[in-house]
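# Close look at the chain arrangement
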Amino acid sequence: MEQNMGVLMSSKRVLACSSAENAQDLAPAQKRLRKDADPVKPAATVIGTKRPALAATRAPLSRPLRAAGAATVAAAPSRGVIKQSVASAAAKGGNMKQPVASTGTKTGGTQKRNPWDLKGKVSDMEDKVRNYQMKVKTLNQENEVLQDSVSQSQRKMVQVEKELQIQRSQIGEYERKLQVLAGVQDELEKVLSDKNFIQKELTNLEGKYKVMETLRDSQETELQTLKMKLSVQESTLARVQANLRDSEEEVRSLKETVAQQKDEIYAGEMERRRLHNTIQELKGNIRVFCRVRPLVGGGLPKHIQLATSDNKAITLAKTEESHTGKTADTQKNYNFSFDRVFGPRTSQQEVFEEISLLVQSALDGYNVCCFAYGQTGSGKTYTMEGDEFDETRGVIPRAVQQIFKAAGKLGEQGWEFTFTASFVEIYNETLRDLLYTGKSSKRPEHEIRKTASNEVTITNLTYERVTNEDQVLGLIALANQNRSTAQTAQNDRSSRSHSVFQLDIEGVNAGRDVKCKSTLCLVDLAGSERMVKSQSQGDRFKEMTAINGSLSNLGIVIAALANKESYVPYRNSKLTYLLQGCLGGNSKTLMFVNIAPEPDSFGETLNSLRFASKVNDCVIGTATANKK
Ligand code: ADP
Ligand code: MG
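Anyway, here's the lowdown on the structure attached to this text. Model, not experiment: these values are computed from the prediction.

## Notes on the environment of leucine 575
Its location among the elements puts leucine 575 in helix α14 (residues 574-578). With 52 residues separating them along the chain, leucine 575 and valine 523 place their C-alpha atoms 9.6 Å apart. Residues within four places of leucine 575 in sequence aside, it is in contact with Ile426, His498, Val500, Val523, Leu525 and Leu554.

See below:
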């Protein structure tokens, strides 16, 4: 390509030179022509064809000719001879100066001819013309050469253009490739950055690897140690396993022994129940205990005498003064005997010991009913509830304590107990829930109902599930609060109402498929004192009638049961109706008769003792446990 361009450039330069009029400028071109390999064509044909064009284009040349004389000049072109001589001269040697020098006249711009030397002038002119013709010829040749060169160049140009086109397309191709390569470079850069990143990571990992290696080494050591330990442990384990097998064998035989012993214990427990019940029956299914309250100031009252030989007799002595005064005062003794008589110094603990056997019966599945009978102030509430201190606690809290304790022990033999407590007051033959905690205006009414299984329940009554002693003590406190709100200073209602605490006991021995159900009733009866009829009017009379009615009915019911009468008037009073399940054939009954030691209570004491001994005389049919 560069070569072509060079050719193009040189030809352009030649063209520029050809247009110059200065003869000197033509010299190089002439030199070139001489060097040219192509032989110069005959001058005659060239000049002949080119002359008119030359005359027309070379205006400055014709001007000096015209100045010399138009006629001469005009003749010159028409003469083919001159033209020929000039052409031949040129052909012979190209030295145009030779013919001029031969004339002996001065030619060129330096030497002027004389005005008259027309011939010389013509000769000069002719020289000039020859010169020009030579020049023209040369130029024509040069032109041809140049045209050749141009056409050659044009061909070359076309070729070059083609090549250029090819190269352009190649360039396009290359550019595309370059673009691709740029993409590749981007990719390469990315790959490089990735490589750097990976290399960093690799370094990082190598570091980690080293750490891991050290760790592995240390762990291998540890593993070795552990393996050693393991083998030691394995041998120990084998030993232990052998021991374990021995132990298991032992446990199996022990379990068998335990099961056997459990059976024995259960059989023993059943035997204990049977014997316990036999003892209770021998003691009597209805028992009456008499308890004498101590005198307020201490000491023993004279009219009450307790037997020293046993704890069963009590004598009430009354000295009757002689009406006449002549005879000595007579003393009338009323002797009573009960299952047990407790003197004024007997502690709550001693009293409870006797009852605790019955509490055990309740857990064994027998219904137990315990009453406190006596005039107001004789110590019924003290006996049943007692005071808040441990030593002075009465029958109810002690019984509850014993029940939970015994239930816990029976639990070891597979017994599970549930306890339900209720506390009801019977006043004027009306029931009142002592565990009620709602608004007093919304107190519900209660009815005694018998279920299909002949169990007695009270409608709308609070039956509280209890699991421990404290809960029961809380209920007793609530009951006392309920009772005290109902009474006024003038009307000590608690003494004119019965309060009945009931604990329903349900025991299940799932392992032996045995159940038992019983009720422990602890009743603080209304004061048994009788009022002088004239003093009792209105509400008091009503109260008195209600109390007397229910207490005497209690006596009648017990007597009927004792006599095994076919009809027992339970329904005659709310109290006996409520306690129906706990009285009679299937139950154990204990009555406390509390007596006041004051002499002015003599009459009431005598009445109480008479009532109690009537009950005591009854023999209630042998009880059977409520087993299912
Ligand atoms: P009741 O309930 O029969 O009306 P209480 O139990 O309220 O009689 O007894 C009347 C009073 O006598 C109470 O202050 C009580 O503390 C007291 N009391 C009763 N029995 C005894 C006793 N055995 N030892 C000491 N104090 C007693
Ligand atoms: Mg009382």
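## Comments concerning the side chain of threonine 459
In this structure, threonine 459 sits in the loop between β10 (456-458) and β11 (464-466). Polar contacts involving the side chain of threonine 459 include one to the main-chain amide nitrogen of glutamate 447, which spans 2.7 Å.

## Things to note about the site of ligand 1
Taken together, Arg291, Arg293, Pro294, Gln375, Thr376, Gly377, Ser378, Gly379, Lys380, Thr381 and Tyr382 make up the full set of residues adjacent to ligand 1. Here an oxygen atom of ligand 1 sits 2.9 Å away from a polar atom, N or O, in the main chain of lysine 380. Within the side chain of threonine 381, one N or O atom sits 2.7 Å away from an oxygen atom of ligand 1. When residues of the shell around ligand 1 are assigned to their parent elements, the largest contribution, 3 residues, is made by helix α10 (residues 380-384). Here the residues of the shell around ligand 1 are counted per class, giving 2 nonpolar, 6 polar and 3 charged.

## Section: the pairing of strand β1 (residues 286-292)
Within β1, 7 of the 7 residues are buried, leaving the element largely enclosed by the surrounding structure. The alternating pattern of β1 places Ile286, Val288, Cys290 and Val292 on one face and Arg287, Phe289 and Arg291 on the opposite face, and all of these are buried. Sheet topology note: the β1/strand β5 (residues 340-342) ladder contains 3 bridges and is parallel. Residue arginine 291 lies in a different strand from β5, and its bridge partner there is phenylalanine 342.

## What to know about the packing of helix α9 (residues 348-363) against helix α11 (residues 395-411)
Remark: α9 packs on α11, axes separated minimally by 9 Å, with the N-to-C direction vectors making an angle of 45 degrees. The orientation of α9 relative to α11 falls into the category oblique. For the pair α9 and α11, the sense of crossing is right-handed. On the side of α9, the interface is formed by Gln348, Gln349, Phe352, Ile355, Ser356, Val359, Gln360 and Leu363, while α11 contributes Val395, Arg398, Ala399, Gln402, Ile403, Ala406, Ala407 and Leu410. Of the residues contributing to the contact of α9 with α11, the split by class is 10 nonpolar, 5 polar and 1 charged.

## Let's talk about unusual backbone geometry
Glycine aside, the phi torsion of most residues is negative, and most peptide linkages are trans. Of note in the backbone geometry, asparagine 460 takes a positive phi value of approximately 60 degrees without being a glycine. Of note, asparagine 460 is situated in the loop between β10 and β11. On the basis of relative accessible area, asparagine 460 is assigned to the exposed category, the value being 51%. With phi around 55 degrees, aspartate 513 is a residue other than glycine that occupies positive phi space. Along the polypeptide, aspartate 513 turns up in the loop between β12 (498-509) and β13 (514-524). A relative accessible area of 68% places aspartate 513 in the exposed class.

## Some remarks on the pairing of strand β6 (residues 367-374)
For β6, the buried fraction is high: 8 of the 8 residues fall into the buried class. A two-sided burial pattern is seen for β6, the buried positions comprising Asn367, Cys369, Phe371 and Tyr373 on one face and Val368, Cys370, Ala372 and Gly374 on the other. With 8 bridges connecting them, β6 and strand β14 (residues 587-595) associate as parallel partners. Its bridge partner lying in β14, valine 368 is registered against lysine 588. Two strands pair when backbone bridges link them, and β6 and β13 are joined in this way by 5 bridges, in the parallel orientation. Across the sheet, residue cysteine 370 finds its bridge partner in β13, namely leucine 522.

## Structural notes on the packing of aromatic side chains
Counted according to the given criterion, the structure contains 10 aromatic pairs. Aromatic ring contacts, followed pair by pair, group Phe404, Trp415, Phe417 and Phe419 into a single cluster. Over the ring of tryptophan 415 we find arginine 273, and its NZ or CZ is 4.8 Å from the ring centre. Taking NZ or CZ as reference, lysine 588 lies 4.6 Å from the ring centre of tyrosine 366, over its face.

## Examining α9
Here α9 contains 16 residues, and its C-alpha end-to-end distance of 22 Å stays within 8% of the 22 Å for a straight helix at 1.5 Å per residue. Residue glutamate 354 marks the point of greatest curvature in α9, where the axis turns by about 40 degrees. For α9, the buried fraction is high: 12 of the 16 residues fall into the buried class. For α9, the set of buried residues is Gln348, Val351, Phe352, Glu354, Ile355, Ser356, Leu358, Val359, Gln360, Ser361, Ala362 and Leu363. Looking one or two residues past α9, glycine 365 carries a phi angle of roughly 110 degrees, positive in sign.

So, how was this worked out
- Residues numbered from 1 in each chain as written.
- Chains lettered and ligands numbered in written order.
- Predicted model: local features only at pLDDT ≥ 70, side-chain atom pairs only at ≥ 80, totals over all residues.
- Heavy atoms only, no water.
- Helix = DSSP H or I, 4+ residues; strand = E, 2+ residues; numbered from the N terminus.
- Contact = heavy atoms within 4.5 Å.
- Polar contact = N/O pair within 3.5 Å; in protein donor to acceptor, adjacent residues only side chain to side chain.
- Near = heavy atom within 4 Å.
- Nonpolar A, V, L, I, M, F, W, Y, C, P; charged D, E, K, R; others polar.
- Buried < 20%, exposed > 50% of the residue type's maximum accessible area, 1.4 Å probe, protein only.
- Pairing = 2+ DSSP bridges.
- Axes fitted to C-alpha atoms, helices over the stretch in contact; angles between N-to-C directions.
- Parallel < 35°, antiparallel > 145°, perpendicular 65-115°, else oblique.
- Left-handed = near helix turned anticlockwise from the far one by under 90°.
- Phe/Tyr/Trp six-rings, centres within 6.5 Å; stacked < 30°, edge-to-face > 60°.
- Lys NZ or Arg CZ within 6 Å of the ring centre and 35° of its normal.
- Expected span 1.5 Å × (residues − 1).
- Bend = angle between axes of the 7 residues up to and from the residue.

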